[in-house]
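Coordinate inspection notes
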Amino acid sequence: RQSGLLLKEALRHNFKKQNGSSSDNMISDSVLAVCKRCLIQCLCEENENSKFIRDTSAIAITTIVRELHSDSNIAIASYSEFDEWPDLIAQLLHLLKQHQNDTNPVVRQSILNLIHLLCHDCSKIMGECRESGSLIEALLVFATSSNSKVREYCLKSLYYLFHWGPNSLLTQM
């Protein structure tokens, strides 16, 4: 468990910018690209005993998104899209569709947990991004799942999305 906390803190501290310029300990774009790819792969770890890996991956992804789009790290704090990870929501929607019929729900739960964490920590950008309508549509499908964890993640995510993106809801009806 400590390794997950160390990863999160290392990511968080390596995104800090000092006085508007990059610091010496900034993560390079190439290293960040590898981290993003590997974390998405870990999110989809199918082994039942790998819950910690999936959860840590979700936390690390949320940390990356939050730090890349935080007000203190950008000159103009007006993001309405995931400009620093533009394909993230599309990737998550694709993964949800890919795993929607899995007999074992661990990967689906992991993806929905990540969406919930993103909605909680980055609710404004999640509700206003161009994929918010598609995300709401996907969550509504899973909101009636017989799996209580799936329902919980969906309903909590929808709560944040509806708060920031009520127009997205209207387009889905």
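Definitions and limits used
- Residues numbered from 1 in each chain as written.
- Predicted model: local features only at pLDDT ≥ 70, side-chain atom pairs only at ≥ 80, totals over all residues.
- Heavy atoms only, no water.
- Helix = DSSP H or I, 4+ residues; strand = E, 2+ residues; numbered from the N terminus.
- Contact = heavy atoms within 4.5 Å.
- Areas by Shrake-Rupley, 256 points an atom, 1.4 Å probe, with all protein chains shown as cover.
- Axes fitted to C-alpha atoms, helices over the stretch in contact; angles between N-to-C directions.
- Left-handed = near helix turned anticlockwise from the far one by under 90°.
- Nonpolar A, V, L, I, M, F, W, Y, C, P; charged D, E, K, R; others polar.
- Buried < 20%, exposed > 50% of the residue type's maximum accessible area, 1.4 Å probe, protein only.
- Lys, Arg positive; Asp, Glu negative; His and termini not counted.
- Salt bridge = Lys/Arg side-chain N within 4 Å of Asp/Glu carboxyl O.
- Polar contact = N/O pair within 3.5 Å; in protein donor to acceptor, adjacent residues only side chain to side chain.
- Phe/Tyr/Trp six-rings, centres within 6.5 Å; stacked < 30°, edge-to-face > 60°.
- pLDDT = per-residue confidence, 0-100.
- Core = buried A, V, L, I, M, F, W, Y, C linked by side-chain atoms within 4.5 Å.
- Parallel < 35°, antiparallel > 145°, perpendicular 65-115°, else oblique.

Another aspect to go through is the overall build of the protein chain. Counting its secondary structure elements, the protein chain contains nine helices and two strands. Counting contacts in the protein chain only where the partners sit at least 6 residues apart, residues at least 24 apart contribute 64% of the total. For the protein chain, the exposed area adds up to about 9,500 Å²; of that, 52% sits on carbon and sulfur atoms.

What follows is about the packing of helix α2 (residues 29–43) against helix α3 (residues 51–68). Taken N-terminus to C-terminus, the directions of α2 and α3 make an angle of 145 degrees; their axes are 8 Å apart at the nearest point. In the crossing of α2 with α3, the sense of the turn from one axis to the other is left-handed. Residues Leu 32, Lys 36, Leu 39, Ile 40, Cys 42 and Leu 43 of α2 form the contact with α3, whose participating residues are Ile 53, Arg 54, Ser 57, Ala 58, Ala 60, Ile 61, Ile 64 and Leu 68. Grouping the constituent residues of the contact of α2 with α3 by class yields 11 nonpolar, one polar and two charged.

A few words now on the side chain of Arg 54. Note on placement: Arg 54 falls in helix α3. With no salt bridge to any partner, buried Arg 54 finds its closest opposite charge in Asp 55, at an N-O distance of 5.9 Å. Polar side-chain contacts of Arg 54 include one of 2.7 Å to the backbone oxygen of Asn 47. Those residues in contact with Arg 54 that sit more than four places away from it in its chain are Cys 42, Leu 43, Glu 45, Glu 46, Asn 47, Glu 48, Val 106 and Ser 110.

With that settled, consider the pattern of salt bridges. One pass over the full model with this rule turns up five salt bridges. Close ionic contact of Arg 66 with Asp 121 constitutes a salt bridge, the shortest N to O distance being 2.6 Å. Of this pair, Arg 66 sits in helix α3 while Asp 121 sits in helix α5 (residues 106–121), and the two are 55 residues apart along the sequence. Judged by its relative accessible area of 23%, Arg 66 falls in the partly exposed class.

With that out of the way, let us pick up the packing of aromatic side chains. Taken as a whole and judged by the stated rule, the model has one aromatic pair. Ring geometry for Tyr 159 against Tyr 160: centres 5.2 Å apart, planes inclined by 75 degrees, an arrangement best described as edge-to-face. Look at Tyr 160 and you get partly exposed, because its relative accessible area is 22%.

It is worth spelling out the confidence of the model for the protein chain at this point. Where the model shows low pLDDT, its predicted coordinates should not be examined in detail. Per-residue confidence for the protein chain gives a mean pLDDT of 82; residues scoring 70 or more make up 80%. Across the protein chain, element-level confidence peaks in α5 with a mean pLDDT of 96 and bottoms out in strand β1 (residues 17–18) with 46. Counting contacts from residues 72–77, a segment whose pLDDT is below 50, to residues more than four positions away or on other chains yields eight contacts.

On to the nonpolar core. Residues Leu 88, Leu 92, Ile 111, Leu 112, Ile 115, Met 126 and Leu 139 are the most contacted members of the largest nonpolar core, which totals 44 residues. If you tally residues by element for this core, the top one is α5, at eight residues.

Mapped onto the elements, His 116 comes out in helix α5. If near-sequence neighbours (up to four positions away) are discounted, His 116 is found in contact with Tyr 153, Lys 156 and Ser 157.

It is worth spelling out the packing of α5 against helix α7 (residues 132–142) at this point. The description of two packed helices rests on the angle between their axes and on the distance between the axes. Interhelical geometry of α5 versus α7 gives an angle of 130 degrees and a closest axis separation of 12 Å. In terms of orientation, α5 lies oblique with respect to α7. Crossing handedness for the pair α5 and α7: left-handed. Residue-level contacts link Arg 108, Leu 112 and Ile 115 of α5 to Leu 135, Leu 139 and Phe 142 of α7. Of the residues that constitute the contact of α5 with α7, the class distribution is five nonpolar, no polar and one charged.

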